[in-house]
Amino acid sequence: RKHFYSRDLFSFLSPLKKDTYFFGRSNLINEIVNRYHSCEHTSLFGLRKSGKTSIVYAIQRRLESAGNSIISLDCESPSIHQLRWFELLERLVKSFKEAKGSKVKIDTSQRYDQRSAADSFEEDILKIYRSKKLASTLFIFDEIERITPATASSPHWKEGEDFIFFWQTMRGFYQKHPDVFCYMLVGTNPSCIEAPALIGHDNPIYASIPSQYVPPFSVEQVAQMVTRLGEYMGLKFDALIAAKLTDDFGGHPFLIRQVCSQI
């Protein structure tokens, strides 16, 4: 430590962007990827620091390595949640064109207002989709509660009807063209798909997406994680220690890593 350096592999605070230190989520990732290949929507909800974003990164790596198009939106960003519903549709069109690498000419000016946005969205998405190899795209909406009524960060999503109009457009398109794209909702609050009604309207995506939650690590998964990371640092963990960590912290991988970093 004095003459070289030391590194605590348990002390990762940010989402994992590589597979090297990613553990215990293979079955969950396979399930979500298979739903995508079947052109079905999916969701992923869980507590803060439960590994949702790391899982999303792993899904992106898996799909992109196979040549699939992924568009990920961080709804916590003001550049997303401050957009009106029709402006967000325009953003999706531009992102879709970029992700597909399409050279087709799309002019969105003066075409995305409250009256014409839904029709313009369908027209533009289909034009882009047909200009390249016909393959489905996955839209990932991370921190979805930031554009959900009652929990949103901007008033037009929190108290207005933007959520209703946006998802009416998305679901209406999908029902007519199920092979073009599907979407994945990620967050801490599943009310966006579990509430039958929102702000006095029927919820457009109620019961259309299965509620899926990040499961806690099992004893075996905890043992694999602490043993693998510990080996890199010259530490050894007894099987009873892994069981104790699982029991004390409910299989929460972030909490377990933080405790191990104090060793």
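As a starting point, this report considers the structure included with it. Bear in mind the structure is a predicted one, so any value in this text is a computation, not a measurement. (Residues numbered from 1 in each chain as written. Predicted model: local features only at pLDDT ≥ 70, side-chain atom pairs only at ≥ 80, totals over all residues. Heavy atoms only, no water.)

Helix and strand content of the chain: 11 helices and six strands. Relative to its 263 residues, the chain shows a buried fraction of 47%. Contacts in the chain between residues far apart in sequence, at least 24 positions, make up 74% of those at least 6 positions apart. Roughly 13500 Å² of accessible area belongs to the chain as shown, and the carbon and sulfur atoms make up 49% of that amount. (Helix = DSSP H or I, 4+ residues; strand = E, 2+ residues; numbered from the N terminus. Buried < 20%, exposed > 50% of the residue type's maximum accessible area, 1.4 Å probe, protein only. Contact = heavy atoms within 4.5 Å. Areas by Shrake-Rupley, 256 points an atom, 1.4 Å probe, with all protein chains shown as cover.)

Right, let's get into the side chain of Asn203. Mapped onto the secondary structure, Asn203 falls in the loop between strand E6 (201-202) and helix H9 (219-232). Other than its neighbours up to four places away in sequence, Asn203 contacts Phe163, Ser191, Cys192, Ile193, Ala195, Pro196, Ala197 and Leu198.

Before going further, it helps to examine the packing of aromatic side chains. Within the structure shown, the criterion is met by 15 aromatic pairs. Taking the centre distance of 5.0 Å and the plane angle of 80° together, the rings of Phe139 and Phe181 count as edge-to-face. Remark: Phe181 occurs in strand E4 (residues 181-187) and Phe139 occurs in strand E3 (residues 137-142); sequence separation between them is 42 residues. Each member of the pair, Phe139 together with Phe181, is buried. Site record: aromatic cluster; members linked through ring pairs are Phe96, Phe121, Phe139, Phe141, Trp157, Phe163, Phe166, Trp167, Phe173, Phe181 and Tyr183. (Phe/Tyr/Trp six-rings, centres within 6.5 Å; stacked < 30°, edge-to-face > 60°.)

Below, the discussion takes up helix H5 (residues 117-131). For H5, which comprises 15 residues, the first-to-last C-alpha distance of 21 Å matches the rise-based estimate of 21 Å (1.5 Å per residue) to within 8%. All buried positions along H5 are accounted for by Ala117, Ser120, Phe121, Asp124, Ile125, Leu126, Ile128 and Tyr129. (Expected span 1.5 Å × (residues − 1).)

What follows is about helix H4 (residues 85-100). The end-to-end C-alpha distance of H4 is 23 Å, a good match for the 22 Å that 16 residues give at a rise of 1.5 Å each. All of the buried residues in H4 are Trp85, Phe86, Leu88, Leu89, Glu90, Leu92, Val93, Ser95, Phe96 and Lys100. Those residues of H4 that are buried lie in contact with strand E2 (69-74), helix H3 (78-81), H5, E3, helix H6 (155-158) and helix H7 (162-176). Residue Gly101 follows H4 closely and has a positive phi angle near 70°.

Next up on the list: the sheet that holds E2. The parallel open sheet is built from four strands, whose spatial order is E1-E4-E3-E2. A strand with exactly one partner marks an edge of an open sheet, and here the two such strands are strand E1 (42-45) and E2. Across the sheet, the mean angle separating the axes of adjacent strands is 15° when strand polarity is ignored. As defined by bridge partners, E3 adjoins E4 across five bridges and the pair is classed as parallel. Across the sheet, residue Thr137 finds its bridge partner in E4, namely Phe181. Docked against the sheet, H4 engages E2 and E3, running at close to 145° with respect to E2. (Pairing = 2+ DSSP bridges. Axes fitted to C-alpha atoms, helices over the stretch in contact; angles between N-to-C directions.)

Glancing now at the environment of His177. Examined against the element boundaries, His177 turns out to sit in the loop between H7 and E4. When its relative accessible area of 18% is taken as the criterion, His177 is described as buried. Through-space distance from the C-alpha of His177 to that of Glu122 is 9.3 Å; in sequence the pair is 55 residues apart. A distance of 3.0 Å separates the side chain of His177 from the side chain of Glu122, its partner in a polar contact. (Polar contact = N/O pair within 3.5 Å; in protein donor to acceptor, adjacent residues only side chain to side chain.)

This part is about the nonpolar core. Among the nonpolar cores identified, the biggest contains 43 residues, and Phe121, Phe141, Phe166, Trp167, Met170, Tyr183 and Leu185 are the most heavily contacted of them. Those elements that provide at least two residues to this core are E2, H4, H5, E3, H7, E4 and helix H8 (191-194). With seven residues, the top contributor of residues to this core is H4. Residues contacting Phe121, with those up to four places away along its chain left out, are Leu89, Leu92, Val93, Tyr112, Thr169, Met170, Phe173 and Phe181. In this structure, Ile32, Ile55, Met184 and Val214 belong to the second largest nonpolar core, which totals 18 residues. (Core = buried A, V, L, I, M, F, W, Y, C linked by side-chain atoms within 4.5 Å.)

Let's shift gears to the side chain of Asp124. As for its placement among the helices and strands, Asp124 is situated in helix H5. Looking at Asp124, its side chain comes within polar contact range of the side chain of Tyr112, at 2.7 Å. Setting aside chain neighbours within four positions, we find Asp124 in contact with Val93, Ile106, Thr108, Arg111 and Tyr112.

Neither face of E1 is left uncovered, since the one carrying Thr42 and Leu44 and the one carrying Ser43 and Phe45 both have all their residues buried. Here E1 pairs with E4 via four bridges, running parallel. Across the sheet, residue Ser43 finds its bridge partner in E4, namely Leu185.

One can describe the packing of H4 onto H7 by two numbers: an axis separation of 9 Å at closest approach and a directional angle of 40°. Facing H4, whose interface residues are Trp85, Leu88, Leu89 and Leu92, H7 presents Asp162, Phe165, Phe166, Thr169 and Met170. Among the residues forming the contact of H4 with H7, the class breakdown is seven nonpolar, one polar and one charged. (Nonpolar A, V, L, I, M, F, W, Y, C, P; charged D, E, K, R; others polar.)

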